[in-house]
Amino acid sequence: MASISANNHDFKGFSNIDRLYSEGVLLKLGLQDELLKKLPLPKAFTKIQETSRGGLLKYHTPKIISKDKFAWLRDDEFARQTLAGVNPVNIERLQVFPPVSKLDPQIYGPQESALKEEHIVGHLNGMTVQQALEANKLFTVDYHDVYLPFLDPINELDDRKTYATRTIFLLTPVGTLKPIAIELSLPPAGPNPQSKRVVTPPVDATTNWVWQLAKAHVCSNDAGVHQLVNHWLRTHACMEPFILAAHRQLSAMHPIFKLLDPHMRYTLEINAVARQILVNADGVIESCFTPGRYCMEMSAAAYENFWRFDLEGLPADLIRRGMAVPDPTQPHGLKLLIEDYPYAADGLLIWSTIENWVRTYVGRYYPDSSLICKDKELQAWYAESINVGHADLRHATWWPALATADDVISVLTTIIWLASAQHAALNFGQYPYSGYVPNRPPLMRRLIPEENDADYAAFVADPQKYYLSSLPSLLQATKFMAVVDTLSTHSSDEEYIGERQQPSTWSGDAEIIEAFYGFSAEIGRIEKEIDRRNGDKRLRNRCGAGVLPYELLAPSSEPGVTCRGVPNSVSI
């Protein structure tokens, strides 16, 4: 894209964005066919050129605007995406109000939030804040501590302006969420004397535009954490040591290598490519996301301060975030506090099925726990994964032991979950949800003006122009869209959960072959159950007028950008 044009202008109106899907980007930049022939364009781009009547890069319409063009503007859709969008893993139950930062007050200023009871009490359907907390009705997406340490350097970059955001949601009687306050924080010595600002739902035209801008900043924070922490760090990067150690320490004939083999396919290859063109210095990720050159520093800080292998499994993660409580009477041993939480509800079906398959498999080869301790290859694999692969965290006390069958089942279930369903939930909805940039801007370029700011008059005079100038420019947006389109695409040789290209791996073991076919059949039943849920009108976070069904954990898919399908491995 950089070689196409230096004409990096703002979108002039929403119709400019719409034209990307109908006419293509080059028609707007006015390049001639001769110039196109001279540019060193990748084959994919020239192929697009041939099929779109001269528009070099014509995008297909993202799912988020395919049924309801204005859904993204609504508060209920903004909230729904925290449960059923492309990043459904940061929502947590609010346990203390006002929220408190864990950052060092000596460096980052007061830990207290600017949120006060009066900001939200009018939205609580007659409850006090304390009553709402006790009834598990308040939830939050809190990026304050992730972003604040990086705000000064980020906001000094060209074309980057951001806050550290906190959003408070109320759980409504019908099981949906409603945003009731957004806190926008800057470092204490930031450009505004007031470093923390609270924005609440609008009451007039001006506050409506401020609210829309505040939501855009939240989505931009969310897009950065989604890509750098949840996607790159927690699925791609943190899986790599387990895969490398498996190839180095386990024989190809070892039963655990055979079990893991399909879940390791292509991951080292895609990670190597990512380091060359995506997460490298001045690469695509740095140029497309708010943190810019600080992207990998943010990712590394999250690894140091937040990542814990023992809490990466789905049940443990839901409990850590307060989204579920242990309950032995429930099918998966826990109770969701938001029943209609599509990612969690569907994910628990897949988690349990993986766990049952792994339990059968481990029980076949390790009928006695003493065999686990005596298995030198298995122990060497796990030790290298931790001590060499995760060397910075090797002394952490939370690493699970590998001494009993239950230990092995837990570790292997977590690895298979992360490589398959967790990565799919975070990856294959990227273009469907982010391909329409106003829904999830990957970066923001302007702060929200206060009444005494120089650009406040321009904001009031033409709020749409101000809003569009805050979003990524045409070139930033189209580059980002091209990348997430590629990342969201299933290849034609994809292997999905419940499938194996070489079931003959276990040809000598009828019991394991039978167990695998049982696992495969259960995955098929889950797919039918997900289809049923997507048609259940009571589940308003996945069914309703213009609402996208939640299919990111539906196991099978056709090739292409489908917003569904769970491959066996991190393969893109």
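Located above this text is the structure these notes cover.
Values in this document were obtained by computation on a predicted structure and should not be read as measured data. (Residues numbered from 1 in each chain as written. Predicted model: local features only at pLDDT ≥ 70, side-chain atom pairs only at ≥ 80, totals over all residues. Heavy atoms only, no water.)

**Notes on the packing of helix 11 (residues 205–249) against helix 15 (residues 295–305)**
Contact geometry of helix 11 with helix 15 gives a least axis separation of 10 Å together with a crossing angle of 70 degrees. The angle between helix 11 and helix 15 places the two elements in the roughly perpendicular class. Crossing of helix 11 over helix 15 shows right-handed handedness. Residues Leu-228, Val-229, Trp-232, Leu-233 and Cys-238 of helix 11 lie in contact with helix 15, whose contacting residues are Cys-295, Met-296, Ser-299, Ala-302 and Tyr-303. Within the contact of helix 11 with helix 15, the residues separate by chemical class into nine nonpolar, one polar and no charged. (Axes fitted to C-alpha atoms, helices over the stretch in contact; angles between N-to-C directions. Helix = DSSP H or I, 4+ residues; strand = E, 2+ residues; numbered from the N terminus. Parallel < 35°, antiparallel > 145°, perpendicular 65-115°, else oblique. Left-handed = near helix turned anticlockwise from the far one by under 90°. Contact = heavy atoms within 4.5 Å. Nonpolar A, V, L, I, M, F, W, Y, C, P; charged D, E, K, R; others polar.)

**Brief notes about the packing of aromatic side chains**
A complete count under the given rule lists 26 aromatic pairs for this structure. Ring centres of Phe-289 and Phe-480 lie 5.6 Å apart, and the angle between their planes is 85 degrees; on these two criteria the pair is classed as edge-to-face. Of this pair, Phe-289 sits in the loop between helix 14 (284–288) and helix 15 while Phe-480 sits in helix 24 (residues 474–487), and the two are 191 residues apart along the sequence. You'll find Phe-289 and Phe-480 in the same group, each marked buried. A ring pair is formed by Trp-381 and Tyr-382, whose centres lie 6.1 Å apart and whose planes are at 45 degrees; its orientation type is tilted. Put simply, the rings of Phe-242, Tyr-303, Trp-307, Phe-309, Trp-381, Tyr-382, Trp-398 and Trp-399 touch in pairs and so form one group of aromatic residues. (Phe/Tyr/Trp six-rings, centres within 6.5 Å; stacked < 30°, edge-to-face > 60°. Buried < 20%, exposed > 50% of the residue type's maximum accessible area, 1.4 Å probe, protein only.)

**A word on the layout of surface pockets**
Looking at the largest pocket, its volume works out to about 1200 Å³. Contributing to the lining of the largest pocket are 39 residues, with Glu-92, Lys-102, Asp-142, Asp-145 and Phe-306 lying nearest its centre. Counting only elements with at least two residues in the lining of the largest pocket, the list comes to strand 1 (92–93), strand 2 (138–142), helix 9 (144–147), helix 11, helix 15 and helix 16 (314–320). A class-by-class count of the residues in the lining of the largest pocket yields 21 nonpolar, six polar and 12 charged. (1 Å grid on protein atoms, 1.4 Å probe; cavity = no way out; pocket = protein on both sides within 12 Å on 5 of 7 lines; lining within 4 Å. Points joined across faces, edges and corners; volume = space filled by probe spheres on them.)

**Let's talk about the sheet that holds strand 3 (residues 164–171)**
Think of a sheet as strands paired side by side through backbone hydrogen bonds, with each pair either parallel or antiparallel. Overall, antiparallel pairing links the five strands, which are arranged 1-2-3-4-5 in an open sheet. The open sheet is flanked by strand 1 and strand 5 (196–199), the only strands paired with a single partner. Note: strand 4 (residues 177–185) against strand 5, four bridges, orientation antiparallel. From the neighbouring strand, Ile-182 faces strand 5, where its bridge partner is Val-199. In the packing of helix 11 onto the sheet, contacts are made with strand 2, strand 3, strand 4 and strand 5, and the angle to strand 4 comes to roughly 80 degrees. (Pairing = 2+ DSSP bridges.)

**Some thoughts on the nonpolar core**
Counting 156 residues, the largest nonpolar core has Tyr-343 and Trp-381 as the members making the most contacts within it. If near-sequence neighbours (up to four positions away) are discounted, Trp-381 is found in contact with Phe-242, Ala-245, Ala-246, Gln-249, Leu-250, Leu-260, Val-411, Leu-412 and Ile-415. Among the nonpolar cores identified, the runner-up in size contains 13 residues, and Leu-94, Leu-115, Ile-120 and Leu-170 belong to it. (Core = buried A, V, L, I, M, F, W, Y, C linked by side-chain atoms within 4.5 Å.)

**Some words on the pairing of strand 4**
In terms of burial, strand 4 is largely enclosed, as eight of its nine residues are buried. With eight bridges connecting them, strand 3 and strand 4 associate as antiparallel partners. Bridged to Ile-168 within strand 4 is Ala-181.

**Structural notes on helix 1 (residues 14–22)**
Considered for burial, the residues of helix 1 that qualify are Asn-16, Ile-17, Leu-20 and Tyr-21. Along the axis of helix 1, the buried positions cluster into a sector of 155 degrees, meaning they face one direction only. Where helix 1 is buried, its residues contact helix 21 (430–434), helix 23 (463–470) and helix 24. Two residues or fewer past helix 1, Gly-24 is found with a positive phi of approximately 95 degrees. (Arc of directions from axis to C-beta.)

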